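# Summary of structural features
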Amino acid sequence: MRDPREALIVIDVQNDFCPGGALAVAGGDAIIPRINALMEDFATVVLTQDWHPANHASFAANHPGAEPFSLTEMPYGPQVLWPVHCVIGTPGAGFHAALRTDPAQMVIRKGFRPQIDSYSAFFENDHTTTTGLDGYLRSRGVSALTFVGLATDYCVAYSALDAARLGFRATVLEGACRAIDLNGSLATARDQMRAAGVALEA
C-alpha cells in the first residue's frame, strides 16, 4: 500500500470511450486490468464519469451543419464538437463492465451543465466552475495524485494540469491511459504536462 497521502484518479473508463462506443479511444479497454490492479495500492480511489444531457452544447449534433471533431467558439474559448456520447442514463455513460468500481470512495460526474463542457476532474472548461474534487482530496489529507484512464490528451491531461496548478504532486501513468490524438493533441498535451511539472511515467 502506498503512502495514504497518495490517491488514484481513474478518468472516464466508460463504455462510450471504449471500443464499440460512440467516441471510442483505440485500445481503451486494454488498460482496465492494470487500473484494477493499481486500486489495491491506494487508500483513496476516485472515479470520474462524463455525464452529459442530450442537449449538451459540445455535441456536433446540436449545431446544425457542424461536423464531429470540428472546432467552435464558446464563451470560455475554443471547443471541439464531439459525437454524442456519455448521455445521462444511457449504457454508453456507464462504467465499462470490466472496471472495478467497488474500491472507489468517490465518483465525480462532470459535464452535466448543458452549456459548458468539462474535461478536467477539478474544473469545468471555464476553469472556474469546480467539481468539488479539490476539497474532497484535501479533506482526506491527499497531496499526491496518480492519473490513469481516458483519454490521455483530453480529460487525463486537463485533470493533471489542474492538479499541478492546485499544488498537488501529479503523475500520469501513460501505459494505463490511451489517447485520441486529434490533430497532434497528444504531443501538445505531453509538452504542456511536462512544462507544468507533471511526471509522465510508463
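Residues numbered from 1 in each chain as written. Predicted model: local features only at pLDDT ≥ 70, side-chain atom pairs only at ≥ 80, totals over all residues. Heavy atoms only, no water.

### Digging into the sheet that holds strand β7 (residues 169-178)
Either a parallel or an antiparallel arrangement is found when strands of a sheet pair, and the pairing is made through backbone hydrogen bonds. Applicable threshold: In this analysis, strands are considered paired if DSSP registers two or more bridges between them. Secondary structure follows DSSP: runs of H or I at least 4 residues long count as helices, runs of E at least 2 residues long count as strands, and numbering of each begins at the N terminus. Axis definition: a line fitted to C-alpha atoms, over the contacting stretch in the case of helices. Angles run 0 to 180 degrees between N-to-C directions.
Here we have 6 strands laid out as an open sheet, ordered β5-β2-β1-β6-β7-β8, and parallel in their pairing. Each edge of the open sheet carries a strand with a single partner, namely β5 (106-110) and β8 (199-201). The mean angle between the axes of side-by-side strands here comes to 25°, regardless of whether they run parallel or antiparallel. Pairing analysis gives 6 bridges linking strand β6 (residues 144-150) to β7, with the strands arranged parallel. Bridging across to β7, Thr-146 finds its partner in Thr-171.

### Comments concerning helix α4 (residues 185-195)
Formally: Residue burial is assigned from relative accessible area. The probe radius is 1.4 Å, only protein chains are included, and a residue is buried under 20% of its type maximum, exposed over 50%, and partly exposed in between. Arc, as used here, means the arc of the directions from the helix axis to the C-beta atoms. In what follows, a contact means two residues having at least one pair of non-hydrogen atoms within 4.5 Å.
Within the span of α4, buried status applies to Ser-185, Ala-189 and Met-193. Angular distribution of buried residues about the axis of α4 spans 65°; they occupy a single face of the element. Looking at the packing, one finds that the buried side of α4 touches α3 (152-165), β7 and β8. Downstream of α4 by one or two residues, Gly-197 has phi in the positive range, about 90°.

### Looking at the environment of Ile-11
Mapped onto the secondary structure, Ile-11 falls in strand β1 (residues 6-11). Judged by its relative accessible area of 0%, Ile-11 is buried. On a C-alpha basis, the gap between Ile-11 and Val-156 in space is 6.3 Å, while along the polypeptide they are 145 residues apart.

### Concerning the nonpolar core
Where we set the bar: What makes a nonpolar core is a set of buried Ala, Val, Leu, Ile, Met, Phe, Trp, Tyr and Cys residues whose side-chain atoms join them at distances within 4.5 Å.
Val-10, Ile-35, Phe-122, Leu-137, Leu-145 and Phe-147 are the most contacted members of the largest nonpolar core, which totals 57 residues. Going through the elements one at a time, β1, α1 (32-38), β2 (44-50), α2 (133-139), β6, α3, β7 and α4 are the ones with two or more residues in this core. Ranked by residue count, the leading element in this core is α3, at 6 residues.

### Section: α3
Here is the rule: To get the bend at a given residue, fit one axis to the seven residues ending there, fit another to the seven starting there, and take the angle between those axes.
Along its length, α3 shows its largest kink, about 25°, at Tyr-158. Of all 14 residues that make up α3, 10 are buried, and the element is covered over most of its length. Residues of α3 that are buried: Thr-152, Asp-153, Tyr-154, Cys-155, Val-156, Ala-157, Ser-159, Ala-160, Asp-162 and Ala-163. Summarising the contacts, the buried residues of α3 are in contact with β1, β4 (77-80), β5, β6, β7 and α4. Of the residues one or two after α3, Gly-167 is the one with positive phi, at around 100°.

### Regarding the packing of α3 against α4
Note the cut-off: Any angle from 65 to 115 degrees is called roughly perpendicular, while one under 35 is roughly parallel, one over 145 is roughly antiparallel, and all others are oblique.
Where α3 meets α4, the axes come as close as 10 Å, and the angle between the chain directions of the two elements is 10°. For the element pair α3 / α4, the angle class is roughly parallel. Contacts between α3 and α4 pair Thr-152, Asp-153, Tyr-154, Ala-157, Ala-160 and Leu-161 from the former with Ser-185, Leu-186, Ala-189, Gln-192 and Met-193 from the latter.

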